[in-house]
Amino acid sequence: MLDELGLPNHLAERCILRSKRASEPSFVLHWMRTAIRLDECPTFDTARLAANSLGVPLIVYHGIDERYQYASYRHHRFLLEGAADVADRAESLRVDHLVHVSREGSREPYLVDLAKESGLVVTDMVDLQPWKKWAEKVSEVCCLLEVDSHCVLPRPVFGKSMDRPFKFRKATDDEMDARVGRNWPIVREEVRRMPESWSPPFEPVDVRLELSKDGGAELLSKCEIDPTVVAVTGVTGGSSYAIEHWENWCDSGIRSYHMKRNNAALSDGVSRMSPWIHYGMIATTRMVRDASSIGGKGAEKFLDEMLVFREHAQHHVHAKDNPDD
């Protein structure tokens, strides 16, 4: 399947084919999980190039589920905001984008239904539960392609278990140096839309409308999540907010990061980018490229945290059969 798609190397090296069920896809389904963005997103680029190669439409599907550890109002609200930001971008790119929020009265296995109808699902690579089990379920009914949209050095390229960060640094130093300043190739191809006669197996949620009404309160009240963990004031989900926050910190904080990072009293001592990185609302490839271009001791220390300590954990977990242990 991978050879048939003719993906460029910068995408092919990030892909793992999880199932090889032979079928003629009727459309490509981009199952958005932990890379909630469309710009500089290997999953989205792979999905749209695959769709065009096969001559079929593309659908971006984002399911917000309740079945994750510590599911709360805070996380769900952040996810809704991220989905709204993606909706804006999908509209500008003329891409079909569907959002489903699992809640009272709407908890059917709609993803499996879409996967069966599609024949080819392209999704973000996730090495933890329950996401691995969900991916296995989907792989039983269609061809499933996982794409690493989180790491600078793709897990399929290295993906080994190192018990110490310094060992990981030594083993990956040359590869990281070659990738840090590399520009991400821009895909400009338009994709086919689904025919107007087609309808999804559920009623998609208009996240922008729900947020504009009451901040998503009515919608989230129907979800089995912890309502006592409320949203954080001044922190909004979505790529546009992530990029704005990142650019501001690059202007004001990264140069002194090596001196201020351990002083909790300094609000600009660290980037505070973790929420957006966690949900893949900003590309780490973009962040390390920006930090590398700024240079200096602060940027060097930030790159050490991103390329060694963060990526060490990702590759270590990828190599383990039971990472929760």
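Our subject is the structure listed above.
Caption draft 1: Summary view of the pattern of salt bridges. This structure, assessed with the given rule, holds 26 salt bridges. The closest approach of N and O atoms between Asp45 and Arg48, which form a salt bridge, is 2.9 Å. Of the two residues, Asp45 and Arg48 both sit in helix 3 (residues 42–54), 3 residues apart, roughly one turn of that helix. Here the two residues Asp45 and Arg48 agree in accessibility, since each one is buried. Among the ionic contacts, a cluster of salt bridges with common partners joins Arg169, Arg261, Lys301, Asp304 and Glu305.

Caption draft 2: Expanded view of the packing of helix 7 (residues 165–179) against helix 14 (residues 296–319). The geometry of helix 7 relative to helix 14 is characterised by a closest axis approach of 10 Å and an angle of 110° between their N-to-C directions. Looking at the two axes, helix 7 sits roughly perpendicular to helix 14. Contacts between helix 7 and helix 14 involve Pro165, Phe168, Arg169 and Met176 from the first element and Asp304, Leu307, Val308, Phe309, Glu311, His312 and His315 from the second.

Caption draft 3: Quick look at the packing of aromatic side chains. The full count for this structure, using the stated rule, is 12 aromatic pairs. Relative to Trp134, the ring of Trp131 has its centre 6.1 Å away and its plane inclined at 65°; by these criteria the two rings are edge-to-face. Placement of the pair is Trp131 and Trp134 together in helix 6 (residues 131–139), with a separation of 3 residues, close to one helical turn. Geometrically, the ring pair formed by Trp249 and Phe302 is tilted, given 5.5 Å between the ring centres and 50° between the ring planes. With a gap of 53 residues between them, Trp249 in helix 10 (residues 239–252) and Phe302 in helix 14 connect regions that are remote in the sequence. Taking relative accessible area as the criterion, Trp249 reaches 4% and is therefore assigned buried. The class for Phe302 is buried, based on a relative accessible area of 4%.

Caption draft 4: The arrangement of the state of the cysteines in detail. Under the definition given, this model contains 0 disulfides. Here Cys151 is not disulfide-linked; the sulfur of Cys41 is the nearest cysteine sulfur, at 13 Å. Counting only cysteine sulfurs, Cys151 is the nearest neighbor of Cys250, a cysteine outside any disulfide, at a range of 20 Å. Residue classification places Cys250 among the buried residues on the basis of a relative accessible area of 7%.

Caption draft 5: Geometry of the pairing of strand 4 (residues 96–101). Among the 6 residues in strand 4, 6 count as buried, and that is most of the element. Across the two faces of strand 4 the burial is the same, with Asp96, Leu98 and His100 and His97, Val99 and Val101 all buried. By the bridge criterion, 6 bridges tie strand 3 (residues 58–64) to strand 4 in an arrangement that is parallel. Looking at strand 4, one finds that Val60 is bridged to His97.

What counts as what
Residues numbered from 1 in each chain as written. Predicted model: local features only at pLDDT ≥ 70, side-chain atom pairs only at ≥ 80, totals over all residues. Heavy atoms only, no water. Salt bridge = Lys/Arg side-chain N within 4 Å of Asp/Glu carboxyl O. Helix = DSSP H or I, 4+ residues; strand = E, 2+ residues; numbered from the N terminus. Buried < 20%, exposed > 50% of the residue type's maximum accessible area, 1.4 Å probe, protein only. Axes fitted to C-alpha atoms, helices over the stretch in contact; angles between N-to-C directions. Parallel < 35°, antiparallel > 145°, perpendicular 65-115°, else oblique. Contact = heavy atoms within 4.5 Å. Phe/Tyr/Trp six-rings, centres within 6.5 Å; stacked < 30°, edge-to-face > 60°. Disulfide = S-S within 2.5 Å. Pairing = 2+ DSSP bridges.

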